[in-house]
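# Residue-level structural notes
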2 protein chains.
Amino acid sequence: MKKTGGNIRVIIDHISPQVDQNRYPVKRLHGEELQVKAHIYADGHDEIRAVVMYQKAGQKIWQEQPMVYEINDEWLGSFELKEKGIYKFTVKAWVDHFLTWYEGFKKKAADNQNLATELLEGAEYLKAIGKGKPKSVRDHLNKLIKIFKDPSKYEEAVDLVLEKPFSELVSNNYLVNHPTIYPVEVTLKVEDARAGFTSWYEFFPRSAAAKPGKHGTFKDCEKLLPRVAAMGFDVLYFPPIHPIGKLHRKGRNNAVKAKKGEPGSPWAIGSDEGGHKSIHPELGTLGDFKNLVKKAKALGIDIAMDIALQCAPDHPYVKAHPQWFKWRPDGTVKYAENPPKKYQDILPIDFETEDWQALWDELESIFTYWIGQGISIFRVDNPHTKPTPFWEWLIASVQEKHPDVIFLSEAFTRPKVMAGLAKAGFTHGYTYFTWRNSKAELVTYINELTQGPLRDYFRPNFWPNTPDILPYFLQDHGENAFLIRYVLAATLSSNYGLYGPVYEFYENKPVPGKEEYLDSEKYEIKHHDWNKTNRLSDIITLVNKARKENSALQSTWNLQFCDIHNDHIIAYLKTGSDRSNLILVVVNLDPNHTQSGYVQLPAELLKKKGKDIFIELSDLGTGSKYTWTQEWNYIELDPAQLPFHLFKLKVY
Amino acid sequence: MKKTGGNIRVIIDHISPQVDQNRYPVKRLHGEELQVKAHIYADGHDEIRAVVMYQKAGQKIWQEQPMVYEINDEWLGSFELKEKGIYKFTVKAWVDHFLTWYEGFKKKAADNQNLATELLEGAEYLKAIGKGKPKSVRDHLNKLIKIFKDPSKYEEAVDLVLEKPFSELVSNNYLVNHPTIYPVEVTLKVEDARAGFTSWYEFFPRSAAAKPGKHGTFKDCEKLLPRVAAMGFDVLYFPPIHPIGKLHRKGRNNAVKAKKGEPGSPWAIGSDEGGHKSIHPELGTLGDFKNLVKKAKALGIDIAMDIALQCAPDHPYVKAHPQWFKWRPDGTVKYAENPPKKYQDILPIDFETEDWQALWDELESIFTYWIGQGISIFRVDNPHTKPTPFWEWLIASVQEKHPDVIFLSEAFTRPKVMAGLAKAGFTHGYTYFTWRNSKAELVTYINELTQGPLRDYFRPNFWPNTPDILPYFLQDHGENAFLIRYVLAATLSSNYGLYGPVYEFYENKPVPGKEEYLDSEKYEIKHHDWNKTNRLSDIITLVNKARKENSALQSTWNLQFCDIHNDHIIAYLKTGSDRSNLILVVVNLDPNHTQSGYVQLPAELLKKKGKDIFIELSDLGTGSKYTWTQEWNYIELDPAQLPFHLFKLKVY
């Protein structure tokens, strides 16, 4: 049997974070710190030292940060993510004989043992750590060695070892000896900080006209930009802007056949007017669109584009690339179905085609084409109906050239599929937040997103509604339901969005018994009174302002729930990147009744400097100010007034 | 960016079991079944099929077993371990278009849709699954194809698809298409079934003399074999039998200096009389030892040998291989220490020596030497003070030639170190059972051993005492403490052992305040009255008999705890390999008082055939019989009678 690992004594294991055994990269954001944990141990009682090793892709030198022993042979280290891009990290550890000697020396000294031989050993270690060090250091060490070796200076030498400067010398000097290096180099993807903090507003450009009965245009959209900017949104997301299929076009309320003049669904893409790289003529020209993108940018707004990789039956691809679709024995092209349901207006792309390489190239070219027109955010429609390996390649390939492009996955599907798309590279994902209403549901779900494995690859984007989803909660409880769900979305998650005007103006008429909008904008042009604002518009403006001004609201992973003995009230503290920015959110989840209870302050606030509690709270919603001096503090929220507190804390 | 994974749609992940990301093999026993789980999903709504692929090392063909969907995209498969040795397994899955077509067909038929095109598609799939099949199968398929393609036989064809034989045809015919094969081949080590079921008895051969004051010999040991066999033990384990160091020899009760004539500790190995391949002269000759091993084997007993890889200062290695030890600047060899404690009678081997390859070879030769003398079980002393990579190599190297050799790790140390040795290859490990006394402690610990990650690599061996450990519980509670701890060890774990005569005869005088034996046999020769038996000897005999006759007591991983509302009573059901062998163990953990309560039968027994409950119980301890017809059943255990029930169940 081949001998390996000779005279190596340290075992390293369970390095975390890792995503699926390092099959996918761990994701973090530029400017964050990565905490690395590992199980580290050796035989016997000798002292171990461990470091996290890390390097950016393309660099040759590994940087190191020390790890510290926490408990039960588990160690912790960290490093700052000062650059964007791909990193690798691993862990190195070794039995440090110099440290072992030093710790033993102190114990033997306390036991009044004779240390003459220990001093001779110490001299050898001092010599060893001097190797390769600058002359000044070696000179200092040589002085010590001389004292250690001089029997007449025994007392002086023992005292020297026991004094503080020697302890620092030990701390700062590793004696690396037969180190173990964990064989897996874990991949880490550090993304642009913008991916961590966005506020989305969605509307249909075709409904942007100032007057009813007209088809909206990009020029109309331009006029709405100041309104969107004033509310504090920084992403404006449009459903697909491509030509809409004319064959099997859907009518109002998803009617199988459109009546004459009905505009169809923007997600049925492609006609004789063009495909995924074309613009629906009624919206305007490519020039109009580029102009809009530019004007939006000037107001701090990115236009997010919707890419739905599916084709109307009259999409140019069908004729140009019939091999990218499935054909039935009767000579027809296979439309989408989920038996017994049929979707004749949509042809799925056959990703099992033998011509997949050309297909992938063409699909990528759609994204790069629009990037060329100034787009850097894509909302991808139904990615879970296309193979995950395709997305993994596509996103990597696009980001190789355009690393900061954001992909939002619209995968309202099963948990593992939703998670798989995030692993494959999607920057953001829509979530189950849309249906999590009770306190227990919210706490469980937020903890799953922020404390479990998802934390390392899934970046949630919270939407209380979408053109596809009008949740029951919004249907049944009037204005307060909209306020509550908005505040939750905007404070629980640093990335959130609204299907805008419909949400803002409390539209909530469902298809009876379903979580769908009646007279959905998906199948018809709507008119919104864009001059109107209301209580919610004001709250949105105020909350978006608070988000911009408080780093505590700019991360999703900095949250802790506070105890409160009322199941209708949820309370959470968010801590900013500088630790002193503290936001306490308290929300009455009951839209109909006043609820009250005592909120417990988190332990870290209580122990502050060991002094009495003295915390000033100013409610960013109402401007009211409070002072708390107790662990438990009374809260009362009347939804008729305002169903939430958004407290900024000052801890004295 | 390089394109990979083209037209592959299924994602496979989270294959379990795996030990540390397949760094170490999963362990199982010959004759068991391995259950394999995986997360498997694809894009869209198509049907997936999945199989476990497995092969024995050296084979070229992968065998397959189907997996079934359980819940939440988690799949389960299994295969029987018909051979000993190293296996590899992984998972293959694919979108099965034939199955997808079939499931869709049924739904469309139920929806009264026209199925003419579906039949034409079906004909194509039938042709595809016929490829490579025998002519008779193809003939049958061709008949079906003909009907499917004949519009005049539309009704007949639809009926054919909807009938049972066609459902079986679908079940039995895979249409493998762009399959995903999980890239990791997980290593599985299938060990000899004996490793799963052993009963150990330990005594010091030097205390085996029939008369007091004499040094016991192997010939004396021979005379005790029938006694050990009659009690039902199948492993007889001896502390080291090598020459004992004379330099710095320890005296009675661990005195730093032995008085003249004191025998010393058998773990201080080596003197001018020889080292690890020699026999302590007073025990007899190598011939005597081999004779003993042979006679034991004839009685169904294996002699387990203790290997302690450390040296007395006068061990021959010190002179022959000084480079295997650490030398101090004062010219002395470094003895063992754990500052401020010193162990001058023991020299640790320096595994960091540059001569490690020769060292490893020599240490391996100790094991192979004794294997040559008929030994197949080693109890390894303090393996956690030698590097884990050494053990990984040593055990693999020995087992390459002698696969069934058992290594028991005596690592009473921190959890991760104990676990690491099991991963590295130790067949058995001593455990924390020795200190787990309360019901909560026992339930938590047993569940950790049998339900958590340890299940896949750590095979516990339960010892209520050892020459090093006299637990407080045994010190304080008289005979019943010994009975209780014995029954727990012998029924909770299929591998267990006793430091025999001392346990059997209730010796429990401690070094005051410590969990150590006063006047320990480690430092002196003892005399036991081997003719004596007592209540415990009888119980041991009876329990070992029950263990041999009931497969339910021959595994550690077949246990479920039963609810009982009394914290002093623990109850667990063990299920045999044939599922009908059921043993219910109920133990009163309170050695001093009668305890009673209602035990709940596990759900699987209640649901038996949907009939009324009717269970006959016969107590293998007392011979008493009971009938239970309720879910909750009254138990009363008076420790003055017997502190446990060992029920064999017959379920009607």
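Residues numbered from 1 in each chain as written. Chains lettered and ligands numbered in written order. Predicted model: local features only at pLDDT ≥ 70, side-chain atom pairs only at ≥ 80, totals over all residues. Heavy atoms only, no water.

Looking only at helices and strands, chain A has 17 helices and 30 strands in total. Projecting the C-alpha coordinates of chain A onto the three principal axes gives extents of approximately 110 × 65 × 45 Å. For chain A, the residues scored as buried account for 58% of the 652 residues in total. Pairs at least 24 residues apart make up 75% of the contacts formed inside chain A by residues separated by at least 6 positions. For chain A, the exposed area adds up to about 26,600 Å²; of that, 52% sits on carbon and sulfur atoms. Each charge sign in chain A was given a centre, from 82 positive and 83 negative side chains, and these centres are 4 Å apart. (Helix = DSSP H or I, 4+ residues; strand = E, 2+ residues; numbered from the N terminus. Buried < 20%, exposed > 50% of the residue type's maximum accessible area, 1.4 Å probe, protein only. Contact = heavy atoms within 4.5 Å. Areas by Shrake-Rupley, 256 points an atom, 1.4 Å probe, with all protein chains shown as cover. Lys, Arg positive; Asp, Glu negative; His and termini not counted. Charge placed at Lys NZ, Arg CZ, Asp CG, Glu CD.)

The two copies are related by a screw motion: chain A maps onto chain B through a turn of 180 degrees and a shift of 0.0 Å along the axis, at an RMSD of 0.1 Å. With respect to symmetry, the two chain copies, as superposed, fit the operation of a two-fold axis. Across chain A, the rotation axis passes nearest the C-alpha of A:Q21, at a separation of 3.2 Å. Comparing contact sets, 100% of the residues at the interface of chain A also lie at the interface in chain B, consistent with an isologous, same-surface contact. (Least-squares fit on C-alpha atoms with pLDDT ≥ 70 in both.)

Attention shifts here to the environment of B:R535. Residues and elements named next belong to chain B. By the element assignment, R535 lies in helix α16 (residues 535-549). Judged by its relative accessible area of 26%, R535 falls in the partly exposed class. Contacts of R535, omitting those with residues within four sequence positions, involve E479, N480, L483, Y506, P639, A640, Q641 and L642.

Okay, the packing of helix α9 (residues 356-372) of chain B against helix α10 (residues 388-401) of chain B next. Residues and elements named next belong to chain B. Close contact between α9 and α10 brings their axes to 10 Å; oriented N to C, the two are set at 40 degrees. On the basis of their axis angle, the class for α9 and α10 is oblique. You can see that α9 and α10 cross each other, and the crossing is right-handed. Seen from α9, the contacting residues are W360, D361, L363, E364, F367 and I371; seen from α10, they are P389, F390, W391, W393, L394, S397, V398 and K401. Partitioned by chemical class, the residues of the contact of α9 with α10 number 10 nonpolar, 1 polar and 3 charged. (Axes fitted to C-alpha atoms, helices over the stretch in contact; angles between N-to-C directions. Parallel < 35°, antiparallel > 145°, perpendicular 65-115°, else oblique. Left-handed = near helix turned anticlockwise from the far one by under 90°. Nonpolar A, V, L, I, M, F, W, Y, C, P; charged D, E, K, R; others polar.)

Further remarks concern the interface of chain A and chain B. Taken together, the contact pairs 74 residues of chain A with 74 residues of chain B. Across the interface of chain A and chain B, roughly 6,500 Å² is buried in total on both sides, 51% from carbon and sulfur atoms. Across the salt bridge formed by A:K334 and B:E121, the nearest N and O atoms sit 3.4 Å from each other. Breaking the side of chain A that touches chain B down by element, the ones donating at least two residues are β1 (10-16), β3 (33-42), α1 (97-110), α2 (116-130), β15 (336-338), α9 (356-372), α10 (388-401) and α11 (415-424) of chain A. Looking at the side of chain A that touches chain B element by element, the count peaks at 6 residues for α10(A). Considering only residue class, the side of chain A that touches chain B consists of 21 nonpolar, 25 polar and 28 charged. (Buried area = accessible area lost by both parts, 1.4 Å probe. Salt bridge = Lys/Arg side-chain N within 4 Å of Asp/Glu carboxyl O.)

Attention shifts here to the nonpolar core. Most often, soluble globular proteins have nonpolar side chains that are buried together. Counting 149 residues, the largest nonpolar core has A:I40, A:F378 and A:Y486 as its most contacted members. At 10 residues, helix α14 (residues 478-492) of chain A tops the list of elements feeding residues into this core. Leaving out residues up to four positions away in the same chain, A:F378 has contacts with A:M305, A:I307, A:F367, A:W370, A:I371, A:V405, A:I406, A:F407 and A:L408. Of all hydrophobic cores here, the second largest spans 148 residues; its members include B:V52, B:V405, B:L442 and B:F462. (Core = buried A, V, L, I, M, F, W, Y, C linked by side-chain atoms within 4.5 Å.)

The next thing to look at is a nonpolar patch on the surface. Residue and element names in this part refer to chain A. A cluster of nonpolar side chains, Y598, W632 and Y634, forms an exposed patch at the surface whose accessible area comes to about 330 Å². Within the element layout of this structure, W632 appears in strand β29 (residues 632-637). Classification of W632 as partly exposed rests on a relative accessible area of 31%. (Patch = residues over 30% accessible without salt bridge, like charges linked within 9 Å, V, L, I, M, F, W, Y side chains within 5 Å.)

Okay, the environment of A:T385 next. Along the chain, A:T385 turns up in the loop between β18 (377-381) and α10. The class of A:T385 is partly exposed, set by a relative accessible area of 31%. C-alpha of A:T385 to C-alpha of A:F351: the two residues are 34 residues apart in sequence and 10.0 Å apart in space. Aside from chain neighbours lying at most four places away, what touches A:T385 is B:D43 and B:G44. Within the structure, A:T385 has its side chain in polar contact with the side chain of A:K386 (distance 3.1 Å). (Polar contact = N/O pair within 3.5 Å; in protein donor to acceptor, adjacent residues only side chain to side chain.)

Tallied over the entire structure, the rule returns 89 salt bridges over all chains. The residue A:R459 makes a salt bridge to A:E191 at a minimum N-O spacing of 2.9 Å. Of the two residues, A:R459 is situated in the loop between α12 (439-451) and β21 (460-461) and A:E191 in strand β10 (residues 186-191); the sequence distance between them amounts to 268 residues. In this structure, A:R459 and A:E191 share a single accessibility class: buried. One salt-bridge network, held together by shared partners, links A:K108, A:E118, A:E121, B:R328, B:K334 and B:E337.

Right, let's get into a negative patch on the surface. Together, A:E155, A:E156, A:D159 and A:E163 give the surface a local cluster of negative charge. Structurally, A:D159 can be placed in helix α4 (residues 154-162).

Attention shifts here to the pairing of strand β7 (residues 74-80) of chain A. All names here are of chain A. One ladder, built from 7 bridges, connects β3 with β7; its direction is antiparallel. Across the sheet, residue K37 finds its bridge partner in β7, namely L76. Two elements, strand β6 (residues 68-71) and β7, share 3 bridges in a ladder whose sense is antiparallel. The partner of I71 across the bridge, within β7, is E74. Between β6 and β7, which follow one another and run antiparallel, lie 2 residues, and N72 among them has a positive phi close to 55 degrees. (Pairing = 2+ DSSP bridges.)

Turning our eyes to something else, we now look at the packing of aromatic side chains. Residues and elements named next belong to chain A. Under the defined criterion, the tally for this structure stands at 104 aromatic pairs over all chains. Taking the centre distance of 6.1 Å and the plane angle of 70 degrees together, the rings of W200 and W463 count as edge-to-face. Residue W200 is located in strand β11 (residues 198-202), and its partner W463 is located in the loop between β21 and α13 (472-476); the two are separated by 263 residues in the primary sequence. In this pair, the class of W200 matches that of W463, namely buried. The residue whose ring lies beneath R436 is Y445, and the NZ or CZ to ring-centre distance is 5.3 Å. (Phe/Tyr/Trp six-rings, centres within 6.5 Å; stacked < 30°, edge-to-face > 60°. Lys NZ or Arg CZ within 6 Å of the ring centre and 35° of its normal.)

Attention now goes to the sheet that holds β6(A). Spatially, the 4 strands line up as an open sheet ordered β1-β3-β7-β6 (chain A), and their pairing is antiparallel. With one partner strand each, in any of the chains shown, β1 and β6 of chain A form the two edges of the open sheet. Averaged over all pairs of adjacent strands, the angle between strand axes in this sheet comes to 35 degrees, irrespective of strand direction. In the sheet, β1(A) pairs with β3(A) via 5 bridges, with the strands oriented antiparallel. The residue of β3(A) that forms the bridge with A:V10 is A:A42. Sheet strands touched by helix α11 (residues 415-424) of chain B: β1, β3 and β7 of chain A. Its angle to β3(A), the strand with the most contacts, is close to 70 degrees.

So, about the sheet that holds strand β30 (residues 644-651) of chain A. In a beta sheet, neighbouring strands are held together by backbone hydrogen bonds and run either parallel or antiparallel to one another. Residues and elements named next belong to chain A. Read across the sheet, 6 strands follow the order β23-β24-β25-β30-β27-β28 without closing on themselves; strand pairing throughout is antiparallel. The open sheet has two free edges, formed respectively by β23 (559-561) and β28 (625-628), since each of these has just one partner strand. Here the average twist between neighbouring strands, direction ignored, is 25 degrees. The pairing of strand β27 (residues 615-619) with β28 spans 4 bridges and is classified as antiparallel.

Once that is clear, we can look at the packing of helix α6 (residues 218-230) of chain A against helix α7 (residues 286-298) of chain A. Residue and element names in this part refer to chain A. Put simply, α6 and α7 touch, their axes get as near as 9 Å, and they point 5 degrees apart. Classified by the interaxial angle, the pair formed by α6 and α7 is roughly parallel. Each of F218, K219, C221, E222 and L225 in α6 lies in contact with α7, whose residues at this interface are D288, F289, N291, L292, K295 and A296. Residues belonging to the contact of α6 with α7 are distributed by class as follows: 6 nonpolar, 1 polar and 4 charged.

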